[in-house]
Amino acid sequence: METRFVNEGRTKLEVPDPQRFQTRAGDYAPSLTHVFYNPRMELCRDISVSAVQILAKELGNLRVCDPLAGVGARGTRYAKEVEGVSKVLVNDRSSEAFELINHNIELNGLISLMEAHNEDANTLLWGNRGRFDFVDLDPFGSPAPFIDAACSALIRKGMLAITATDTAPLSGTHARACLRRYGAKPLKTEYCHELGVRILIGFCQRVAGKHDLALTPVLAHATQHYFRIYLRAQKGAQRSDEVLKQQGYVSHCYACGRRVLSHKLVPELPTTCECGNQFSHAGPLWAGKPMDLKFIQKVLSDLREKKFKLAQEEFALLNQCAEEAEGPPTFYEIDEVAKRVGVSTPKIAKIIAGLRKQGYFASRTHFSGTGFRTDAPFGIIIGIFRSL
Ligand SMILES: C[S@@+](CC[C@H](N)C(=O)[O-])C[C@H]1O[C@@H](n2cnc3c(N)ncnc32)[C@H](O)[C@@H]1O
Ligand SMILES: [Zn+2]
């Protein structure tokens with residue numbers, strides 16, 4: 001295999017030579033390589049490094065597992081760049097990946113801190129029950145097949161980070177695949193990516209319930225082609241029940257754009273909207289807050305210290321997440337609302353200012369550059385659009 005060296009953060013990585021794996025259009029196609037390494041995920045990995053640093057500061061002596069590692073980019077970076085990590089177990093079932101993982105461990109002088117494995121991720125996780133403070137699931141496509149084993153491998157107070165690239169099923173383009181994988185119904189709405197993230201979180205929480213484990217999201221973002229979520233674990237049936245109480249459904253009216261949130265796992269769903277049209281439903285999903293403002297602020301402050309090469313993009317994303325963290329579920333697309341009201345599209349800043357002036361929560365959202373989030377009743381939103 002032809003390889004080359006790249007730098008991410010303070011880590012040097014030997015990766016398949018991207019020049020050798022290009023599509024006809026000239027894009028780098030990680031899926032064509034023998035061993036997976038996607039340079040476009042560097043931002044995601046940088047944020048993960050800071051998230052793991054926050055956990056390490058709190059728990060100390062962190063034991064980390066990267067069970068779907070590719071070249072081992074994540075695991076190697078955690079071992080090299082995070083203070084307070086005591087062991088990193090890195091695994092991939094591909095023998096070529098295993099070889100590169102070992103090169104990367106040596107290249108960074110991490111033999112005493114890291115352990116490379118070459119087996120099925122689920123076998124590895126089930127064989128390490130209750131051993132890890134941080135498990136990072138970064139698969140091709142859906143993480144669903146690995147959640148159960150990952151929950152069993154987590155310790156109390158640990159953290160589970162998950163990437164999902166099957167955003168089409170989760171966002172409603174392939175609804176049947178979403179039902180099959182996540183036991184939930186998605187909905188193709190303007191906020192379908194947010195619904196997808198909430199469905200993913202909700203699924204993980206229900207799987208964790210089997211282990212009497214509560215998973216509470218502290219950060220969630222939808223970026224490029226993937227969703228990324230960070231879930232904090234707490235042991236206990238009661239705590240797990242409390243988390244499940246915050247699952248529910250979103251009922252959406254395609255005629256007028258109104259949404260109703262039902263905060264119950266076994267709910268009585270509304271059938272008819274105030275406009276007379278029938279509601280469509282999405283769920284079950286996590287209806288609570290998908291982010292924790294304090295956690296985001298800690299990650300941001302760690303990123304400020306680390307000054308990664310993608311710092312500006314990372315600050316922009318996390319500042320946006322911080323702004324919307326305390327907001328309610330679902331957001332509105334400014335064009336959609338303007339079209340329904342029959343007015344020309346106003347400036348988003350004016351809408352947000354108008355809503356805040358009336359005492360409501362209002363923010364932009366990282367899910368869409370033209371979206372706004374608010375807890376104002378539908379009628380108030382319409383009124384503000386008319387008044388501008
Ligand atoms: C998306 S890539 C990982 C990328 C890597 N985390 C990174 O940040 O560069 C997914 C990896 O999981 C491996 N994989 C897929 N299914 C697996 C399984 N059941 N057990 C172990 N490894 C698996 C693949 O060989 C591939 O290298
Ligand atoms: Zn309606």
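Residues numbered from 1 in each chain as written. Chains lettered and ligands numbered in written order. Predicted model: local features only at pLDDT ≥ 70, side-chain atom pairs only at ≥ 80, totals over all residues.

### Considerations on the packing of helix α8 (residues 192–209) against helix α9 (residues 237–245)
- It is the contact of α8 with α9, at a shortest axis distance of 10 Å, that shows an interaxial angle of 155°. One way to sum up the angle between α8 and α9 is to call them roughly antiparallel. The chirality of how α8 crosses α9 is left-handed. Where α8 approaches α9, its residues Gln205, Ala208 and Gly209 are matched on the opposing element by Ser240, Val243 and Leu244.
- By residue class, the composition of the contact of α8 with α9 is three nonpolar, three polar and no charged. (Axes fitted to C-alpha atoms, helices over the stretch in contact; angles between N-to-C directions. Helix = DSSP H or I, 4+ residues; strand = E, 2+ residues; numbered from the N terminus. Parallel < 35°, antiparallel > 145°, perpendicular 65-115°, else oblique. Left-handed = near helix turned anticlockwise from the far one by under 90°. Contact = placed C-beta atoms within 7 Å. Nonpolar A, V, L, I, M, F, W, Y, C, P; charged D, E, K, R; others polar.)

### What to know about the environment of Leu110
- Mapping Leu110 onto the fold places it in the loop between α3 (95–107) and β5 (114–117).
- Overall, the presence of 21 C-beta atoms within 10 Å leaves Leu110 in the buried class.
- Each C-alpha atom of the pair Leu110 and Leu310 lies 25 Å from the other, and the pair is 200 residues apart in sequence.
- Non-local contacts of Leu110, meaning those with residues more than four positions away in its chain, are made with Thr76, Ala79, Lys80 and Ile105. (Buried ≥ 20, exposed ≤ 12 C-beta atoms within 10 Å, placed from the backbone.)

### Focus: the nonpolar core
- Grouped together as the largest cluster of nonpolar side chains are 113 residues, with contacts concentrated most on Ala150, Leu160, Leu200 and Leu219.
- Examining the composition of this core, we find that nine residues originate from one element, α8, more than from any other.
- The residue makeup of this core includes at least three contributed by each of domain 1 (3–286) and domain 2 (331–388).
- The residues contacting Leu219, other than those within four sequence positions of it, are Ala51, Tyr230, Met291, Phe295, Ile296, Val299 and Cys321. (Core = buried A, V, L, I, M, F, W, Y, C linked by C-beta atoms within 7 Å. Domains from an automatic or database assignment.)

### A closer look at helix α1 (residues 42–59)
- For α1, built from 18 residues, the straight-helix expectation of 26 Å at 1.5 Å per residue is met to within 8% by its first-to-last C-alpha distance of 25 Å.
- When you tally the buried positions in α1, you get 14 out of 18 residues, the bulk of the element.
- Positive phi shows up at Gly60, right after α1, with a value of about 70°. (Expected span 1.5 Å × (residues − 1).)

### Details of the environment of Tyr332
- As for its placement among the helices and strands, Tyr332 is situated in strand β13 (residues 332–333).
- Note: C-alpha distance between Tyr332 and Glu8 (324 residues apart in sequence) is 36 Å.
- The contact partners of Tyr332, leaving out residues within four places of it in the chain, are Val337, Gly371, Phe372 and Ile381.

### Observations concerning the sheet that holds strand β12 (residues 280–286)
- Reading across from one edge, β11-β10-β12 is the order of the three strands in this open sheet, with antiparallel pairing throughout. Of all strands in the sheet, those with a lone pairing partner are β11 (259–262) and β12, marking the two edges. Adjacent strand axes in the sheet meet at a mean angle of 20° when their direction is disregarded.
- Relative to β12, strand β10 (residues 247–252) runs antiparallel, the two sharing five bridges. Bridge pairing links Ser251 to His281 in β12.
- Across the sheet, α8 touches β10 and β12, and the angle it forms with β12 is around 50°. (Pairing = 2+ DSSP bridges.)

### Quick notes on the sheet that holds strand β7 (residues 154–164)
- Strand order across the open sheet formed by seven strands is β5-β4-β3-β6-β7-β9-β8, with mixed pairing between neighbours. Edge strands, defined here as strands with exactly one partner in the open sheet, are β5 and β8 (213–223). Taken pair by pair, the neighbouring strands of this sheet meet at an average axis angle of 15°, ignoring direction.
- Inspection of the sheet shows β8 paired to strand β9 (residues 226–235) by ten bridges, in the antiparallel sense. Bridging across to β9, Ala220 finds its partner in Ile229.
- Packing against the sheet, α9 makes contact with β8 and β9, and its axis sits at approximately 40° to β8.

### Description of the domain arrangement of the chain
- When cut into domains, the chain gives domain 1 (3–286) and domain 2 (331–388).
- Measuring from the centre of the C-alpha atoms in domain 1 to the corresponding centre in domain 2 gives 31 Å.
- Residue assignment for the side of domain 1 that touches domain 2 shows that the elements contributing at least two residues are α8 and β8.
- Among the residues making up the side of domain 1 that touches domain 2, the classes are represented as three nonpolar, three polar and three charged.

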